[in-house]
Amino acid sequence: MTSQQPMQDVSASATATLPTPTAIKDSPAVERALNRSKIYLLISWSLLYPEDEEFLDYLRCGEFVGDGRAALDALEVALGADGNVPAKEKLRLLKQQFDRVESLVATECVNWQLSDLQSEHRCVFSNVITLDCPPYETLFGNDHVFAQSHVMGDISGFYKAFGVELSKDIHERLDHLSVEFEFMHFLAYKESYSLCHDGPEKTQIVVDAQKKFVKNHVGRWVPLFCRMLTKKADSGLFKVVADMTADWMDFETAFLGVAPQPYTETDYRPATFSSPEGQTYECGAQDQGNELTMLLNEVGAQSFLDVKEKDKGTEEDGPSGTA
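Residues numbered from 1 in each chain as written. Predicted model: local features only at pLDDT ≥ 70, side-chain atom pairs only at ≥ 80, totals over all residues. Heavy atoms only, no water.

Asks: For the packing of helix 5 (residues 63-79) against helix 11 (residues 237-256), give the residues involved together with the corresponding values.
Replies: Between two packed helices, what matters for the description is the angle formed by their axes and the separation of those axes. In contact at an axis separation of 14 Å, helix 5 and helix 11 are set at 20° when each is read in the N-to-C sense. Overall, the two elements helix 5 and helix 11 adopt an arrangement that is roughly parallel. Between helix 5 and helix 11 lies a crossing whose hand is left-handed. Across from Phe64, Leu75 and Leu79 in helix 5, the residues of helix 11 making contact are Met244, Trp248, Phe251 and Phe255. Residue composition of the contact of helix 5 with helix 11, by class: seven nonpolar, no polar and no charged. (Axes fitted to C-alpha atoms, helices over the stretch in contact; angles between N-to-C directions. Helix = DSSP H or I, 4+ residues; strand = E, 2+ residues; numbered from the N terminus. Parallel < 35°, antiparallel > 145°, perpendicular 65-115°, else oblique. Left-handed = near helix turned anticlockwise from the far one by under 90°. Contact = heavy atoms within 4.5 Å. Nonpolar A, V, L, I, M, F, W, Y, C, P; charged D, E, K, R; others polar.)

Asks: Give a description of the packing of aromatic side chains that names residues and reports values.
Replies: In this description, an aromatic ring pair is defined by two values, namely the gap between the centres and the angle between the planes. Counted by the stated rule, this structure contains 18 aromatic pairs. Both rings, one in tyrosine 40 and one in phenylalanine 181, keep their centres 5.0 Å apart while their planes meet at 85°; by these two values the pair is edge-to-face. Of this pair, tyrosine 40 sits in helix 3 (residues 28-47) while phenylalanine 181 sits in helix 9 (residues 177-197), and the two are 141 residues apart along the sequence. As far as the burial class goes, tyrosine 40 and phenylalanine 181 line up, both buried. Ring centres of tryptophan 221 and phenylalanine 225 lie 5.8 Å apart, and the angle between their planes is 55°; this geometry places the pair in the tilted category. With a gap of four residues between them, tryptophan 221 and phenylalanine 225 both fall in helix 10 (residues 200-232), about one helical turn apart. The exposure class of tryptophan 221 is buried, given its relative accessible area of 0%. Ring-pair connections join several aromatic residues into one group, and the members of that group are Tyr40, Phe181, Trp248, Phe251 and Phe255. In this structure, arginine 173 is placed above the aromatic ring of tyrosine 136, and the distance from its NZ or CZ to the ring centre is 4.4 Å. (Phe/Tyr/Trp six-rings, centres within 6.5 Å; stacked < 30°, edge-to-face > 60°. Buried < 20%, exposed > 50% of the residue type's maximum accessible area, 1.4 Å probe, protein only. Lys NZ or Arg CZ within 6 Å of the ring centre and 35° of its normal.)

Asks: Can you lay out the nonpolar core for me, pointing to particular residues and giving the numbers?
Replies: Counting 73 residues, the largest nonpolar core has Phe64, Phe140, Tyr159, Phe181, Phe183, Phe225 and Trp248 as its most contacted members. The element best represented in this core is helix 10, accounting for 12 residues. Residues contacting phenylalanine 225, with those up to four places away along its chain left out, are Phe125, Cys133, Pro134, Pro135, Phe140 and Leu177. (Core = buried A, V, L, I, M, F, W, Y, C linked by side-chain atoms within 4.5 Å.)

Just distances and angles here, no functional claims.
Have a look at this one:
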């Protein structure tokens, strides 16, 4: 997933009301955002099909565990005495999951070749869409014939609102868990940037987007997916990843203060995604009254997209992020 929306410069008046950059970048709020971003990225990467040895090397050399522990330790310090006891308890459980990964790598994965990791992934997720633990949101909670199209459109609208799109290197759909977690990684990282460079209003837009995406998307289907994955992968790397992901979602809902309505086994009615006639992925973002319509306007993404179409080939100034 890549970002095509340049960061906006801070105006002189906004700068005058903000603390010094050094004070901001070392603040607990920035640390919380940065380290939440890191955990999202680690889980996202672990769920993708391994095309090359990069992730396997990262796992075997111990950096996956090291980076995860460092992020959780920093997150624990940044939470401080804010009174969010449920979130802090989930951090303790998450640390245990990284201990399990370390043990697994030392006993099993240390001698793996790329083909072994690929085989492990295929065994759990199959070469085609597996129906016993599909990592795709639109296969969950299909209440009516238009449900899949609406959900996919809503996801697409979130991505467009922040100027991101799927990288050509990622051979997955918009609703794949890894892609959705990478989007959350991007939002959390953008929050840390906004805290340092933008005013509180723009920062709040990014925070609100995280809350909405967890409440309406990942917080609804990921817990059920993790339970299904645990049954399918009763041991091995992806069993640990399933437990880690479940604990992380518990942390995020507690940290963000949202209460998603999670799907249950009775809500799982799988079907291959197909857009109903006349519907497109973007329909959810363009419906009048849809939250994403307002979100697009709030962040100025709609005008950015319009300008982008007119000025293709013109290089934009300012830093752009990748997620």
